[in-house]
Amino acid sequence: MSAAQSLSIIMLVVVLVAAIWRRMNIGVLALGAALPVLALSGLDAKAMYTTFPGDIFALIVGVSLLFAHLERSGTLGWFVELVYGAVGDRHAMLPWAGFLVGAMLSTVGAFSTAVIAFLVPLVAHVAVRYRSSFYLCELGVVIGANSAGLSPLNPTGAVVRAAASKFHVSYPGWALWAVSMVVAALVVLCLQLLDAFRRSRGRGFDLTPAPAATAETDAAERPSLRYAWCAGLALLTFVLLVVIVKTDVGVTAIALAALLQIAFRPQERSLLARIPWPSILLLCGLLTYLGLMQRIGTIDSIASVLHRLGTGPVLILVLAYLTALLCNIESSTLGVLGLMMPVVFSTFTEPAQMFWVVCAVCVPAALMVMNPIHVAGTLIIGNSAVDEQDNLFRRLLTLAGSLALVVPGLLAIVPIAVA
């Protein structure tokens, strides 16, 4: 391994430590760390910029704008109320209603963090009448939304797919999504059964939602019914074009969002505010740095070292558990998968084993979302009563740790058996 390659690994470790220690954006740190690596390697900075993930940038921006129209037009709120209205007072179905809504929105492309940020307060408002179901309802929403982020239409799924394409690896994207959703549904079911068992022992956990904040909306800003219908039609058109016609996800979403902007002229500043700029900076900065590492041969050197160690059960378990651990420490599932997947795709080459290794690494990572240091965990705590937040913090932390301990090992059984 050359001096430049060694330095790139050292700087990446420094970036991760600084991001966790100082709670800084990894993208900013990664782009800053590129300077000494470029200087030592002698690589032209223009070569590094060719690795900038422009397609993923367009995807996140476009889908975020499209779903900003859906939210602003009232279409999303109407859809959530429709689902929960159909469930009614059937308490056992309430967590699955949130799971379904969150999973559906993330599956068709909405940035999972945005879905969670939109739904968690809404579910807290709905669950005021169902105190015994509030905890499970929120968990259902965040698990469903983040696990469905592995859809090929979602930015998280796109990051995994982009890493695979760089190493000329193919895997069935919708099959990965299906495995993720099955595992997520099993986790929610287990949580529901565990809650029922505790209640039968008189140890149920009832969580009180925080009082809803009243928001005043100017009559001039209230969305029209025509805007809501057109936004819903734009979403349907988006799915059909991307899935059937195979148009580019980002460009398609931007085009439809632009048409809605021209037709209904909502405040552009409010739409742009719904784009997750910190996440875009994190992802684009990190992936550009990883692209630099690939250009100078660091990723190949890491793969060579791992190959000498073997690609057997130990390595599969190490990658699966390391990814789950990083997702519990670093709050961005997107960033962690962007970091780990190049290592996975450069190490495992057997097609039959590859898909299940990807599942063992990606699926548990999506389940860590309720950790209190994540946006989802913070939102759940923030929407609960103040006097219950400390207890809820400990419960969410314990749950995330338990899932990180159990799920990677269970999912790793399949690729280990296939090997």
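Residues numbered from 1 in each chain as written. Predicted model: local features only at pLDDT ≥ 70, side-chain atom pairs only at ≥ 80, totals over all residues. Heavy atoms only, no water.

Some thoughts on the overall build of the protein
- Along the backbone of the protein there are 20 helices and zero strands.
- In terms of C-alpha radius of gyration, the protein reaches 22 Å, essentially the compact-globule figure of 22 Å for 419 residues.
- In terms of principal-axis extent, the alpha carbons of the protein reach across some 65 × 60 × 40 Å.
- Across the 419 residues of the protein, 53% fall into the buried class.
- If you take every contact in the protein between residues at least 6 apart in sequence, the share linking residues at least 24 apart comes to 80%.
- Put simply, the protein shows about 18700 Å² of open surface, and 67% of that area lies on carbon and sulfur atoms.
- If the 23 positive side-chain charges of the protein are averaged to one point and the 19 negative ones to another, these points end up 3 Å apart. (Helix = DSSP H or I, 4+ residues; strand = E, 2+ residues; numbered from the N terminus. Rg over C-alpha atoms; globule rule 2.2 N^0.38 Å. Buried < 20%, exposed > 50% of the residue type's maximum accessible area, 1.4 Å probe, protein only. Contact = heavy atoms within 4.5 Å. Areas by Shrake-Rupley, 256 points an atom, 1.4 Å probe, with all protein chains shown as cover. Lys, Arg positive; Asp, Glu negative; His and termini not counted. Charge placed at Lys NZ, Arg CZ, Asp CG, Glu CD.)

Observations regarding the pattern of salt bridges
- This structure, assessed with the given rule, holds two salt bridges.
- Residue Arg274 pairs with Glu71 through a salt bridge whose shortest N-O separation is 2.9 Å. You can see Arg274 sitting in the loop between α13 (268-272) and α14 (277-295) and its partner Glu71 sitting in helix α4 (residues 54-72), a full 203 residues away along the chain.
- Look at Arg274 and you get partly exposed, because its relative accessible area is 37%. (Salt bridge = Lys/Arg side-chain N within 4 Å of Asp/Glu carboxyl O.)

Overview of the nonpolar core
- With 145 residues, the main nonpolar core has Ile143, Val160, Leu176, Tyr289, Met341 and Phe345 as its most contacted residues.
- Per element, the largest residue contribution to this core is eleven residues, and it comes from helix α18 (residues 351-367). (Core = buried A, V, L, I, M, F, W, Y, C linked by side-chain atoms within 4.5 Å.)

Notes on the confidence of the model for the protein
- Summing up the model confidence of the protein, the mean pLDDT is 87 and the portion of residues at 70 or higher is 94%.
- In this model, residues 214-220 is a region of pLDDT below 50 whose contacts with residues beyond four sequence positions or in other chains number one contact. (pLDDT = per-residue confidence, 0-100.)

A short note on the packing of aromatic side chains
- Following the criterion strictly, the structure yields six aromatic pairs and no others.
- Between the aromatic rings of Trp174 and Trp177, the centroid separation amounts to 5.6 Å while the plane-to-plane angle is 80°, which identifies the pairing as edge-to-face. In this pair, Trp174 and Trp177 are both assigned in helix α10 (residues 173-200), three residues apart and thus about one turn of the helix distant.
- For Trp174, a relative accessible area of 38% corresponds to the partly exposed category.
- With relative accessibility at 25%, the residue Trp177 sits in the partly exposed group.
- Between the NZ or CZ atom of Arg22 and the centre of the ring of Trp21, over which it lies, the distance is 4.1 Å. (Phe/Tyr/Trp six-rings, centres within 6.5 Å; stacked < 30°, edge-to-face > 60°. Lys NZ or Arg CZ within 6 Å of the ring centre and 35° of its normal.)

Details of the environment of Ala158
- With respect to the secondary-structure elements, Ala158 resides in helix α9 (residues 155-166).
- Discounting residues that sit within four places of it in the chain, Ala158 has contacts with Ile56, Leu59 and Ser151.

Considerations on the packing of helix α6 (residues 94-107) against α10
- Relative orientation of the contacting elements α6 and α10 amounts to 160°, with a least axis distance of 12 Å. Judged by the inter-axis angle, α6 sits roughly antiparallel to α10. Relative to α10, α6 is oriented so that their crossing is right-handed. Residues Pro95, Trp96, Phe99, Ala103 and Thr107 of α6 touch α10, and the partners they reach there are Trp174, Trp177, Met181, Ala184, Ala185, Val188, Leu189 and Gln192.
- Each residue belonging to the contact of α6 with α10 can be placed in one class, and the counts come to eleven nonpolar, two polar and no charged. (Axes fitted to C-alpha atoms, helices over the stretch in contact; angles between N-to-C directions. Parallel < 35°, antiparallel > 145°, perpendicular 65-115°, else oblique. Left-handed = near helix turned anticlockwise from the far one by under 90°. Nonpolar A, V, L, I, M, F, W, Y, C, P; charged D, E, K, R; others polar.)

Things to note about a nonpolar patch on the surface
- A cluster of nonpolar residues, Trp174, Leu233, Leu236, Leu240, Val243, Ile244 and Val245, forms a patch on the protein surface that exposes about 670 Å² of accessible area.
- Examining the composition of the nonpolar patch, we find that six residues originate from one element, helix α11 (residues 225-245), more than from any other. (Patch = residues over 30% accessible without salt bridge, like charges linked within 9 Å, V, L, I, M, F, W, Y side chains within 5 Å.)

Considerations on helix α17 (residues 333-347)
- Helix length check: α17 (15 residues) gives 21 Å between terminal C-alpha atoms against 21 Å at 1.5 Å per residue, within 8%.
- For α17, the principal kink sits at Met340 and spans about 30°; a proline, Pro342, occurs within the next four residues.
- Burial within α17 is extensive, with 15 of its 15 residues counted as buried. (Expected span 1.5 Å × (residues − 1). Bend = angle between axes of the 7 residues up to and from the residue.)

As for the packing of helix α2 (residues 26-41) against α14
- Close contact between α2 and α14 brings their axes to 7 Å; oriented N to C, the two are set at 25°. With respect to each other, α2 and α14 are oriented roughly parallel. The interaxial crossing formed by α2 with α14 has left-handed handedness. Side by side, α2 and α14 meet where Ile26, Gly27, Val28, Ala30, Leu31, Ala33, Ala34, Val37 and Leu38 of the first sit next to Leu281, Leu282, Gly285, Leu286, Thr288, Tyr289 and Leu292 of the second.

Focus on the side chain of Thr51
- Structurally, Thr51 is set in the loop between α3 (45-49) and α4.
- Within the local environment of Thr51, its side chain forms a polar contact with the backbone oxygen of Met48, the two atoms lying 2.5 Å apart.
- Once you skip the residues sitting within four places of it in the chain, Thr51 turns out to touch Lys166, Leu287, Thr288, Gly291, Leu292 and Arg295. (Polar contact = N/O pair within 3.5 Å; in protein donor to acceptor, adjacent residues only side chain to side chain.)

Regarding the side chain of Thr75
- Mapped onto the secondary structure, Thr75 falls in helix α5 (residues 75-87).
- Separated by 2.9 Å, the side chain of Thr75 and the backbone oxygen of Ala228 make a polar contact.
- Those residues in contact with Thr75 that sit more than four places away from it in its chain are Leu70, Ala228, Ala231 and Gly232.

Quick look at helix α16 (residues 313-329)
- For α16, built from 17 residues, the straight-helix expectation of 24 Å at 1.5 Å per residue is met to within 8% by its first-to-last C-alpha distance of 24 Å.
- Looking at α16, one finds that the buried residues are Leu315, Ile316, Leu319, Ala320, Thr323, Ala324, Leu326, Cys327 and Asn328.

Details of the environment of Glu71
- You can call Glu71 partly exposed: its relative accessible area is 28%.
- Here the alpha-carbon distance between Glu71 and Ala258, two residues 187 residues apart in the chain, equals 15 Å.
- Those residues within four positions of Glu71 in sequence are excluded, and the remaining contacts are Leu76, Phe118 and Arg274.

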